[in-house]
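Residue strings, one per chain:
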Amino acid sequence: MTPVKPIIGITPSHNTENDDTSLRPTYPRAIRAAGGLTILLPLEGTDEDWRQLAAMCDGFLFSGGPDLHPFLFGDETHSACGNVSPVRDSMEIRLLKAAMELKKPILGICRGIQLLNVALGGTIYQDIPSQMERTFPLAHKQPFYYTVPSHHVDIKKGSLLSKASGGLERISVNSQHHQAIKDAAPGLIPVGWAPDGVIEAVEKPDYPFFLGVQWHPEYLWPNDPAAMGLFRLFVETCKAS
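Below is a summary of the structure that appears in this document. Starting from 1, residues in each chain are numbered consecutively following that chain's sequence as written. In view of the model being predicted, local features appear only for residues whose pLDDT reaches at least 70, and side-chain atom pairs are presented and counted only at 80 or more, with totals across whole chains, interfaces and linings using the full set of residues. Excluded from the side-chain calculations are hydrogens and water; all other atoms, namely the structure's heavy atoms, are used.

### Considering the environment of Gly158
So the rule is basically this: A helix here means a DSSP run of H or I that spans at least four residues, while a strand means a run of E at least two residues long, and both kinds are numbered starting from the N terminus.
Following the sequence through the fold, Gly158 ends up in the loop between β8 (151–155) and α6 (160–164). It is 28 Å that separates the C-alpha atoms of Gly158 and Ile10, two residues lying 148 residues apart in sequence.

### Quick word on the nonpolar core
So the rule is basically this: Think of a nonpolar core as a cluster: buried Ala, Val, Leu, Ile, Met, Phe, Trp, Tyr and Cys residues, connected wherever their side-chain atoms sit within 4.5 Å. Burial status follows relative accessibility: with a 1.4 Å probe on protein chains alone, a residue under 20% of its type maximum counts as buried, one over 50% as exposed, and anything between as partly exposed.
Within the largest apolar cluster, 33 residues are counted, with the highest numbers of intra-cluster contacts made by Leu61, Leu161, Trp215 and Phe231. Listed by contribution, the elements that provide at least two residues to this core are β1 (7–10), α1 (26–33), β6 (106–109), β8, α6, β9 (170–173), β13 (210–213) and α8 (225–240). Core analysis: the second largest hydrophobic core is formed by 28 residues, Cys57, Phe60, Phe62 and Leu68 among them.

### Some remarks on the packing of α1 against α8
What counts, and what does not: Note on method: axes are straight lines fitted to C-alpha atoms, helices fitted across the in-contact stretch only, with angles between N-to-C directions ranging 0 to 180 degrees. Orientation categories follow fixed angle ranges, with anything under 35 degrees roughly parallel, anything over 145 roughly antiparallel, 65 to 115 roughly perpendicular, and all other angles oblique. Definitions for this section: a left-handed crossing has its near helix turned counterclockwise from the far helix by less than a right angle. A right-handed crossing has that turn clockwise. Note on contacts: a residue pair is in contact if any heavy atoms of the two residues lie within 4.5 Å.
Interaxial distance between α1 and α8 falls to 8 Å at its minimum, and their mutual angle equals 70°. Looking at the two axes, α1 sits roughly perpendicular to α8. Crossing geometry of α1 relative to α8 is assigned as right-handed. The segment α1 lies against α8, with Ala30, Ile31 and Ala33 engaging Met228, Phe231, Phe234 and Val235.

### Examining the state of the cysteines
Let me state the cut-off plainly: When the sulfur atoms of two cysteines come within 2.5 Å, that pair is taken as a disulfide.
The full count for this structure, using the stated rule, is zero disulfides. Take Cys57: it sits in no disulfide, and the sulfur closest to it among the cysteines is that of Cys238, at 9.5 Å. In this structure Cys81 is a free cysteine whose sulfur lies 14 Å from that of Cys110, the closest cysteine sulfur available. Note on Cys81: relative accessible area 16%, which makes it buried.

Take a look at the structure:
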């Protein structure tokens with residue numbers, strides 16, 4: 001009998017100019033390589049819809065995308081803030097609530113880590129270059145393509161991220177963002193840091209699998225065991241949930 005694969009719901013990208021939704025194929029490829037199946041979630045729905053989807057899926061991946069609206073974390077709009085999608089912000093916050101009520105495994109990538117943090121009461125920097133004092137301007141918007149790492153991340157020993165990365169205390173990552181976590185939400189703990197102090201990963205210790213990372217492992221996994229380990233542990237937890 002063929003083993004049943006866990007179903008992972010992935011949040012969509014939203015083009016606000018034409019109202020299209022889409023998804024980079026790198027996300028489902030990574031989940032498929034780790035042993036899971038994926039579905040692209042709708043952008044709109046009722047709270048009842050999100051509860052039904054939360055019950056149907058075995059886990060959720062909150063994908064990358066545009067900036068979060070500053071009002072969500074009590075800020076006025078910074079001059080360097082990028083485009084936002086209030087519809088997507090609302091959808092993901094409501095979906096996260098429904099998923100967490102059922103203790104479904106959660107993985108957030110890039111925008112995803114910021115969404116998880118803000119939805120649970122944390123704050124973010126709207127623009128790293130103008131809001132963080134740094135002695136060395138690390139390339140958080142790297143000049144290379146996504147498959148090439150640009151900086152390192154130090155990992156907290158004994159964390160979920162450490163387990164997923166094969167026990168490593170430092171990994172190489174790619175980077176394409178100008179926003180980042182400022183204050184971690186209650187219940188979330190930082191477990192990864194860039195050399196300039198930017199928080200690169202958070203997790204929720206009292207949860208089956210709740211991890212947000214600021215980089216893009218969905219581009220690195222074919223040649224990076226640590227990135228593959230992240231997706232594999234996520235999918236394995238989804239299968240067991």
